[in-house]
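The residues making up each chain are set out below.
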Amino acid sequence: MLVVFRVGTAITCPGINSALLQQWFDSQINTSAGGSVAALFNIFSGGALENCAILSLGVMPYISASIMLQLLTAVVPQLSKLAKEDGGRQRIMQYTRYTTIALCLFQGYLLSLTFENPAQSPFLGGIERFMTIDNPLVFDPGLKFRLLTVLTLTAGTMFLMWIGDQLTDHGVGNGMSVIIAAGIVAQLPAGMLQAWHTFVPAAGKASQVNPMVLVLMIAFLVLVIAGVICVTQAQRKVSVQYAKRVVGRKVFGGQTQYMPLKVNYAGVMPIIFAQAILVFPSTIVKMLHSNSAEKIADALTHGWIHYALYGAMIFFFSYFWVATQFQPQQIADDLKKYGGYIPGVRPGKPTADFLDFTMTRLTFAGAVFLTIIAILPQMLSEMLQVPYIAAQFFGGTSLLIVVGVVLDTMRQVETHLIQRHYDGFLRKGRIRGRFDRTPAGRGEAVQQSALIWLYAAIGALIVAGVAALLATRFH
């Protein structure tokens, strides 16, 4: 299924000049615009957007529709009631698919206009230099081309939805998340190539960046990935005790359980919302075509004003997402209904207030983490002159999605192995003491984890040193 997805990202839409596209690709040095919504769509589609491929829309319409329905379910009472009924989730999923088709028709039409006027496109910038009257990007522009493109792109997105469902039903992990992660990872070779051209230029050209920066970047990459994994997995365990209940001769309850509250509860959604909203004012201002408008647009896309607005929006959407998705009053009522209580906190409204206060503090820590991770790629791209296609793997949406999907896939694989009693295989393939809760087991797990990180750091430094030597020699 992933191979089929990657093939679809390379098939050009009907009516588009593929030879002109290839000529433009060969001349490109940096193939991704930094921080724009077009770059975000191109990353999520696995490079299909700049290929003008049949899968150019990718799964972004489905993601947008899912977010819309989730927010409406939390706000609209009818949808909230429907979600709690038997078969209600299936009905909401059906509404999500209908909304996806509507978004595909709208976005597909706008994309067909972009193909007809590529000079206005942020991800096809510079292609007009290769266009002539006899060699256009679109052979026969007009209503027929637009209808054909809209139908093709809509069918491509629906086909990707089907592939995602097949991966979810017959594979391991969430199909849609796996498709997005595969598209992001597919950009990694291009990012490495662009980084190599930046640090090791062609013969006769001077390097614009010190090769030692490459060593620091590789070491920094290890630290960033380790930090993302730690915060993604971090959670606050709230102890919950259940009262004993005697039913016949059996005794239920009486044990202590834990309610995990994630530090990064909102995941990657605040970054996506902030990126999508922040780009619209700059795009509208650029249409005014004046010097003051250009300065305002630059301030909104670069510099400390952009970073301040970006961080403020991430904070706002982090709290907004938690407020709509996390319901402390409902959790408190469920605990009271089933005889559970938090030690030291009275049931009912005090429990809801305690959960709300705890989640507010956790959300602040998660928002700080998301702000740092979101700004890192742009700072690397601007200050160190690193291509954005390479800098995106140092943070932002791409790194969070890939890390989250890999961790979730590893967790599901481990669950499948445990269910099938492959304990001997697990003993060799996992860190000892992961399931050993004794002090000795935890100590051994910590020691082995420290050794693994030490070996990884040594290996990264060796690779970075060799790369720096090669870069210096070529220079």
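Residues numbered from 1 in each chain as written. Predicted model: local features only at pLDDT ≥ 70, side-chain atom pairs only at ≥ 80, totals over all residues. Heavy atoms only, no water.

Colleague: What should I look at first to understand helix H17 (residues 396-419) in this one?
Modeller: At 3.6 residues per turn, the α-helix brings residues three or four places apart onto the same side. Across its 24 residues, H17 extends 35 Å between first and last C-alpha, which sits within 8% of the 34 Å expected from 1.5 Å per residue. Taken together, the buried positions of H17 are Gly-396, Thr-397, Ser-398, Leu-399, Leu-400, Ile-401, Val-402, Val-403, Val-405, Leu-407, Glu-414 and Leu-417. (Helix = DSSP H or I, 4+ residues; strand = E, 2+ residues; numbered from the N terminus. Expected span 1.5 Å × (residues − 1). Buried < 20%, exposed > 50% of the residue type's maximum accessible area, 1.4 Å probe, protein only.)

Colleague: Please explain empty space enclosed by the protein as it appears in this structure.
Modeller: Scanning the model with the defined rule gives 2 cavities of 30 Å³ or more in all. There is about 50 Å³ of room inside the second largest cavity. Around the second largest cavity, the lining residues are Val-263, Asn-264, Tyr-265, Ala-266, Ser-318, Val-322, Thr-363, Gly-366, Ala-367 and Leu-370. Elements with a minimum of two residues in the lining of the second largest cavity: helix H13 (303-325) and helix H15 (349-383). With 4 residues, H15 is the single largest residue contributor to the lining of the second largest cavity. Residue classes in the lining of the second largest cavity are distributed as 6 nonpolar, 4 polar and no charged. (1 Å grid on protein atoms, 1.4 Å probe; cavity = no way out; pocket = protein on both sides within 12 Å on 5 of 7 lines; lining within 4 Å. Points joined across faces, edges and corners; volume = space filled by probe spheres on them. Nonpolar A, V, L, I, M, F, W, Y, C, P; charged D, E, K, R; others polar.)

Colleague: For this particular structure, what's the right way to read the side chain of Thr-100?
Modeller: Its location among the elements puts Thr-100 in helix H6 (residues 88-116). Of the residues examined, Thr-100 reaches a relative accessible area of 0% and is grouped as buried. Among the polar contacts listed, one links the side chain of Thr-100 to the backbone oxygen of Thr-96, at a separation of 2.7 Å. Other than its neighbours up to four places away in sequence, Thr-100 contacts Pro-61, Tyr-62, Ala-65, Thr-157, Met-158 and Met-161. (Polar contact = N/O pair within 3.5 Å; in protein donor to acceptor, adjacent residues only side chain to side chain. Contact = heavy atoms within 4.5 Å.)

Colleague: Looking at this structure, how should I read the nonpolar core?
Modeller: Looking at soluble globular proteins, one finds that nonpolar side chains tend to be buried together. Counting 47 residues, the largest nonpolar core has Val-228, Tyr-310 and Leu-400 as the members making the most contacts within it. Only helix H4 (60-75), helix H7 (143-170), helix H8 (175-185), helix H10 (212-233), helix H11 (269-286), H13, H15 and H17 provide two or more residues apiece to this core. Broken down by element, the residue count for this core peaks at 7 residues, all from H17. In contact with Leu-400, other than residues within four places in its own chain, are Val-228, Val-268, Ile-271, Phe-369, Leu-370 and Ile-373. Of all hydrophobic cores here, the second largest spans 15 residues; its members include Leu-57, Leu-111, Ile-127 and Leu-153. (Core = buried A, V, L, I, M, F, W, Y, C linked by side-chain atoms within 4.5 Å.)

Colleague: Could you clarify how one ought to interpret the environment of Ile-277 in this entry?
Modeller: With respect to the helices and strands, the residue Ile-277 is situated in helix H11. Filtering out sequence-adjacent residues up to four positions away, Ile-277 remains in contact with Met-313 and Phe-317.

Colleague: Would you mind going over a nonpolar patch on the surface with me for this structure?
Modeller: Together, Met-1, Val-4, Phe-159 and Trp-162 make up a nonpolar patch on the protein surface, roughly 370 Å² of accessible area in all. The class for Val-4 is partly exposed, based on a relative accessible area of 37%. (Patch = residues over 30% accessible without salt bridge, like charges linked within 9 Å, V, L, I, M, F, W, Y side chains within 5 Å. Areas by Shrake-Rupley, 256 points an atom, 1.4 Å probe, with all protein chains shown as cover. Salt bridge = Lys/Arg side-chain N within 4 Å of Asp/Glu carboxyl O.)

Colleague: Explain the sheet that holds strand S4 (residues 256-262) here, please?
Modeller: Two orientations exist for strands paired in a sheet by backbone hydrogen bonds: parallel and antiparallel. Taken in spatial order, the 3 strands line up as S4-S1-S5 in an open sheet, and their pairing is antiparallel. Every interior strand has two partners, whereas the edge strands, S4 and strand S5 (340-341), have only one. Two strands pair when backbone bridges link them, and strand S1 (residues 235-242) and S5 are joined in this way by 2 bridges, in the antiparallel orientation. In the sheet register, Tyr-242 faces S5, and the bridge partner there is Gly-340. Along the sheet face, H15 touches S1 and S4 and points at about 45 degrees away from the line of S4. (Pairing = 2+ DSSP bridges. Axes fitted to C-alpha atoms, helices over the stretch in contact; angles between N-to-C directions.)

Colleague: Got a minute to help me understand helix H14 (residues 328-337) in this structure?
Modeller: Listed as buried for H14 are Pro-328, Ala-332 and Leu-335. For H14, the angular spread of buried residues about the axis comes to 60 degrees, placing them on one side. Looking one or two residues past H14, Gly-339 carries a phi angle of roughly 80 degrees, positive in sign. (Arc of directions from axis to C-beta.)

Colleague: What should I look at first to understand the pattern of salt bridges in this one?
Modeller: Pairing is possible between side chains of opposite charge, provided their charged atoms come close. Evaluated as defined, the whole model comprises 3 salt bridges. Between Asp-165 and Arg-97 there is a salt bridge whose closest N-O contact spans 3.2 Å. With Asp-165 in helix H7 and Arg-97 in helix H6, this pair connects stretches of sequence that are 68 residues apart. Residue Asp-165 is classed as partly exposed on the basis of its relative accessible area, which comes to 25%. With a relative accessible area of 27%, Arg-97 lands in the partly exposed category. In this structure, the salt-bridge partner of Lys-349 is Asp-353, at a minimum N-O distance of 3.1 Å. Of the two residues, Lys-349 and Asp-353 are both situated in helix H15; the distance of 4 residues between them amounts to about one turn of the helix. On the accessibility criterion, Lys-349 (54% relative accessible area) is exposed. Asp-353 sits in the partly exposed class, given a relative accessible area of 38%.

Honestly, it's all geometry; don't read function into it.
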